[in-house]
Amino acid sequence: MEKQFKQIVCVDNTNLQPWALEKLARYSEKPIKLFNEPPASDAEIVERIGDADAFLVSWGTKISANVIEQAPNLQYIGMCCSLYSKESANVDIDAAEKRGITVKGVRDYGDEGVVEFVFAQLINLGKGMGKHQWKPKQTELKGKTLGIIGMGTLGSMVAQVAVAFGMDVLYFSRTRKPDLETVHIRYAPLEELLPQADAITTHLPRNTHLLGKKEFDLMKPNSVLINTSLGATYEIDAFSKWASQAGNFAIVDIDGALGNEAAHQALPNVICIDRISGMTDAAFRRLSEKVLANVEEYLTL
């Protein structure tokens, strides 16, 4: 018999595929409790968890210290979303660690879809295959410079595709990545990257704001900013002023506009896509596989 939790709860829509939920059920002595609607309050989350010793949660539900303190039997929290740092997590990891509760998240499950989105949108804008056209005449990506802010797994994937399109890449990251640098992929401080890039894409953890008035003033005229991070990577007022200038364009998906939807939608040169760019059928499969692997690893300790 495989090692089990006494009770597993999915406190919201975790996006796990049916086959994964069936497999997950093997690790719970009692039938898994599944909730698909987002909880309205901490009190509702606490009620859903009850006396469970494990629960899974998506990025859309905040798990506060208050919730963790009121879950007496809790041993394991599985984040069905990216975990890059304590600061960007929707779970109060410090509060969990104080109680000896293990928190596991996943990474790099939706990257392929985001890469496709970035270049699909740039090509559509360059060719005028939508409401907007970047330049007076159709334009190519070849020969242009792409600025990448955040050179993790996703940023490096974007860089490789950009080079395949004949673009040069300048990147800025907290840590330099010499092993990724080539004649076409070069590191640049932010103040050097911004005025040289024809298009900029940001790949940063939640709650990371790197672009303010100073940075937008440095950006190349008639440039494009793409954001698929979870929430704005910039100060909204400075962004709105920049995006209101003729020739500048911004592209965001639901994640990129999170919390500031109205401000983005009010600007005619901001292209708001009403879906999460990385959430493909393959991404849901990778998410399910990685969440299950985390559970299995914990139970084998």
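Further up the page is the structure itself.
Residues numbered from 1 in each chain as written. Predicted model: local features only at pLDDT ≥ 70, side-chain atom pairs only at ≥ 80, totals over all residues. Heavy atoms only, no water.

J.: So what exactly am I meant to see when it comes to the overall build of the protein here?
T.: The number of helices and strands found in the protein is eleven helices and twelve strands. Scaling as 2.2 N^0.38, a compact globule of 301 residues should have a C-alpha radius of gyration of about 19 Å, and the protein matches this with 21 Å. Seen along its three principal axes, the alpha-carbon backbone of the protein occupies a region of about 65 × 40 × 35 Å. The 301 residues of the protein split such that 50% are buried. Expressed as a percentage of contacts within the protein between residues at least 6 apart in sequence, the contacts between residues at least 24 apart total 61%. Counting only carbon and sulfur atoms, one obtains 51% of the accessible surface of the protein, whose full area is about 14400 Å². (Helix = DSSP H or I, 4+ residues; strand = E, 2+ residues; numbered from the N terminus. Rg over C-alpha atoms; globule rule 2.2 N^0.38 Å. Buried < 20%, exposed > 50% of the residue type's maximum accessible area, 1.4 Å probe, protein only. Contact = heavy atoms within 4.5 Å. Areas by Shrake-Rupley, 256 points an atom, 1.4 Å probe, with all protein chains shown as cover.)

J.: Help me understand the pattern of salt bridges in this model?
T.: Opposite charge on two side chains makes pairing possible when the charged atoms of those side chains draw close. Counted by the stated rule, this structure contains eleven salt bridges. Note that Glu-44 is salt-bridged to Arg-48, the shortest N-O span being 2.8 Å. Here Glu-44 pairs with Arg-48, and both are found in helix α2 (residues 42–49), just four residues apart, close to one helical turn. In this structure Arg-48 comes out as buried when scored by relative accessible area, which is 8%. A salt bridge links Asp-217 to Lys-213; its shortest N-O distance comes to 2.7 Å. (Salt bridge = Lys/Arg side-chain N within 4 Å of Asp/Glu carboxyl O.)

J.: Help me understand the sheet that holds strand β4 (residues 76–82), please; the structure alone is not making it clear to me.
T.: Whenever strands of a sheet pair, they do so through backbone hydrogen bonds, lying parallel or antiparallel. Spatial strand order, β2-β1-β3-β4-β5: five strands in an open sheet with parallel pairing. Where the open sheet ends on each side, the last strands, each with one partner, are β2 (33–34) and β5 (102–106). By the bridge criterion, four bridges tie β4 to β5 in an arrangement that is parallel. Among the inter-strand pairings, Ser-82 is bridged to a residue of β5, identified as Val-106. (Pairing = 2+ DSSP bridges.)

J.: Help me out: how do you make sense of the environment of Gly-50 in this one?
T.: With respect to the secondary-structure elements, Gly-50 resides in the loop between α2 and β3 (54–57). By relative accessible area, which is 30% here, Gly-50 ends up partly exposed. C-alpha separation for the pair Gly-50 and Thr-182, spaced 132 residues apart in sequence, amounts to 54 Å.

J.: Honestly, α2 in this entry has me stumped. Any pointers?
T.: For an α-helix, 3.6 residues make a turn, and residues three or four places apart therefore share a direction. Among all positions of α2, only Ile-45, Val-46, Arg-48 and Ile-49 are buried. Down the axis of α2, the sector holding all buried residues measures 160°, keeping them to one side. The exposed residues of α2 that point more than 90 degrees off its buried face are Ala-43 and Glu-47. Contacts made by the buried residues of α2 are with β1 (8–10), β2, β3 and α3 (65–69). Positive backbone phi, at 55°, marks Gly-50, one or two positions downstream of α2. (Arc of directions from axis to C-beta.)

Fair warning: the whole summary comes from geometry, so function is off the table for now.
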